[in-house]
Amino acid sequence: MSALHRKFPAMVVQFEDFSTEHAFDTLTRYRDKYTMFNDDIQGTGAVILAGFINAIKLSGIPVVSHRIVFFGAGSAGVGVAKQIMDFFIKDGGLTQDQARDCFWLVDSRGLVTLDRGDNLPEHKVLFARKDNNGLQYKGLLSVLDYVKPTALIGLSSQTGAFDEKILTKMADLNDRPIVFPLSNPSSQSECTFEAAMKYTKEKVLFASGTAFPSYTKINGEIVAPGQGNNMYIFPGLGLGTFLSGAKTVTDSMVYASATTLAASLNAEEISDGKLYPVVKRIRQISARVAVGVIIVAVEEGVVTNSEVIRLVEQMKTWKKEDGEAGEKHGWLKLQKFVEDKMYYPKYVADDILPDQVERYDEI
């Protein structure tokens, strides 16, 4: 990292596919010294938070009443849990203790508790339960009976772990169960979209880590599954960080990437009950995420690009003067700045030109 920084001081480093222990260790070691982020921990957490924010709205259950079971307690699982916990604190008004108590983690030995008798890795301790009255729950179904969760999130790489019994139980417990089987590829997913729809009587709020085919409902309606893929986050997070010249990637910048993504659904997507924008709008979404990251980076005081600082301060001034209209105008100027810096692929065979790509100001 030191050599990279000396040679390329403006470089943004994205860590990917490190083992759980090394992922957390390198993030802790380098995040305040270099401009870097870990996509498995922070990117996965942000993209799932975005989908979860929209799932909460559709579930009709207030934040304080959610009970979330994570099946899989590695770096990605804990990273997602931390991101959702931050949302419960910042937007749900919960204290840290109240927010933490909304989570139950399940690993290969069962429910993660402080009195289980094993030496828990450091990353699991934050969410380890201490209110289990000495009881240990080994299987996922027994955990669901005990917790009665509103949401089930899988990051276990155990194919079919969310079977008919598990999915039926989630449907029995909730009018709109939230089920996110996030392991990929599809051969390792906890369940398919078809199974989730079938065994929850088509009530499920679903997002997966990999693509699944659409599902035809009993009434003939064809619905497409949500895909909580990191592609919605890391391009915009990296671009916003680089363009702003941010010295570090702060937690608030990562959080902004999630909330900006969640707010990026257009009217049609909202009407269709989608949790994520359609993939064909990915370039538009990446630009929006970059803008959200830049604004927060300026607020955090980590930006070195004076042009970016000027644009953000200008937007704030216009907001004071003209309210929402002024803020929107400032946002579009900043978005144009981002758009002009984005790479447009131009291939000789197809002769694709920038003006053939849907423009961001048409969103």
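Scroll up for the structure.
Residues numbered from 1 in each chain as written. Predicted model: local features only at pLDDT ≥ 70, side-chain atom pairs only at ≥ 80, totals over all residues. Heavy atoms only, no water.

(A) The arrangement of the nonpolar core in detail. Among the nonpolar cores identified, the biggest contains 86 residues, and Phe52, Ile84, Phe88, Phe103, Phe180 and Val338 are the most heavily contacted of them. With eleven residues, the single largest contributor to this core is helix α13 (residues 282–300). Residues contacting Phe180, with those up to four places away along its chain left out, are Ile48, Gly51, Phe52, Ala55, Leu152, Ile153, Gly154, Phe162, Leu205, Phe206, Ala207 and Leu275. (Core = buried A, V, L, I, M, F, W, Y, C linked by side-chain atoms within 4.5 Å. Buried < 20%, exposed > 50% of the residue type's maximum accessible area, 1.4 Å probe, protein only. Helix = DSSP H or I, 4+ residues; strand = E, 2+ residues; numbered from the N terminus. Contact = heavy atoms within 4.5 Å.)

(B) Empty space enclosed by the protein, seen in detail. Scanning the model with the defined rule gives one cavity of 30 Å³ or more in all. For the largest cavity, the full set of lining residues is Met1, Leu4, His5, Phe8, Pro9, Met11, Val13, Tyr34 and Thr35. (1 Å grid on protein atoms, 1.4 Å probe; cavity = no way out; pocket = protein on both sides within 12 Å on 5 of 7 lines; lining within 4 Å. Points joined across faces, edges and corners; volume = space filled by probe spheres on them.)

(C) Summary view of the pairing of strand β7 (residues 178–181). Residues of β7 alternate between two faces, with Ile178 and Phe180 on one and Val179 and Pro181 on the opposite face, all of them buried. You can see the chain leave strand β6 (residues 151–154), run along helix α8 (residues 164–173) and come back into β7, and the turn it takes is right-handed. One ladder, built from two bridges, connects β7 with strand β8 (residues 205–208); its direction is parallel. When the sheet's bridge partners are listed, Val179 is paired in β8 with Phe206. At this point the chain moves from β7, through helix α9 (residues 193–199), to the parallel β8, and the crossover so formed is right-handed. (Right-handed = clockwise from strand over helix to strand, strands pointing away. Pairing = 2+ DSSP bridges.)

(D) Region of interest: helix α7 (residues 140–147). Those residues of α7 not exposed but buried are Leu140, Val143, Leu144 and Val147. Burial along α7 is one-sided: seen end-on, the buried residues are contained in an arc of 100 degrees. Looking at the residues trailing α7, positive phi occurs at Lys148, about 55 degrees. (Arc of directions from axis to C-beta.)

(E) Just the packing of helix α10 (residues 234–244) against α13, in detail. Between α10 and α13, the least distance of the axes is 7 Å, while the angle of their chain directions is 45 degrees. If you check the angle between α10 and α13, you find them oblique. Here the hand of the crossing between α10 and α13 comes out right-handed. Judged by residue contacts, Pro235, Gly236, Leu237, Leu239, Gly240, Thr241, Leu243 and Ser244 of α10 engage Ser286, Val289, Ala290, Val293, Ile294 and Ala297 from α13. In terms of residue class, the contact of α10 with α13 is made up of nine nonpolar, five polar and no charged. (Axes fitted to C-alpha atoms, helices over the stretch in contact; angles between N-to-C directions. Parallel < 35°, antiparallel > 145°, perpendicular 65-115°, else oblique. Left-handed = near helix turned anticlockwise from the far one by under 90°. Nonpolar A, V, L, I, M, F, W, Y, C, P; charged D, E, K, R; others polar.)

(F) The arrangement of unusual backbone geometry in detail. In the segment running from Asn184 into Pro185, the intervening peptide bond is cis, with an omega of 5 degrees. Mapped onto the secondary structure, Pro185 falls in the loop between β7 and α9. Unlike most non-glycine residues, Asp17 shows phi in positive territory, near 65 degrees. Checked against the element boundaries, Asp17 lands in the loop between β1 (13–15) and α2 (20–30). Owing to a relative accessible area of 64%, Asp17 belongs among the exposed residues under this scheme. Within the chain, Lys148 stands out as a residue other than glycine whose phi angle is a positive 55 degrees. Relative to the helices and strands, Lys148 is located in the loop between α7 and β6.

(G) Structural view of the environment of Val254. Mapped onto the fold, Val254 is located in helix α11 (residues 251–262). In this structure, the C-alpha to C-alpha distance between Val254 and Arg281, residues 27 residues apart in sequence, is 21 Å.

(H) Geometry of the pattern of salt bridges. This model, assessed by the stated rule, comprises 15 salt bridges. Between Asp25 and Arg29 there is a salt bridge, and its shortest N-O distance comes to 2.3 Å. Within this pair, Asp25 and its partner Arg29 are both found in helix α2, separated by four residues, close to a single helical turn. Judged by its relative accessible area of 48%, Arg29 is partly exposed. Put simply, Glu307 and Arg310 hold a salt bridge, and the shortest N to O gap is 2.8 Å. Here Arg310 and Glu307 lie together in helix α14 (residues 306–341), a separation of three residues that amounts to about one turn. Under the relative-accessibility criterion, Glu307 is labelled partly exposed at 32%. In the salt-bridge network here, residues are joined through shared partners; they are Asp107, Arg109, Arg116, Asp118 and Lys124. (Salt bridge = Lys/Arg side-chain N within 4 Å of Asp/Glu carboxyl O.)

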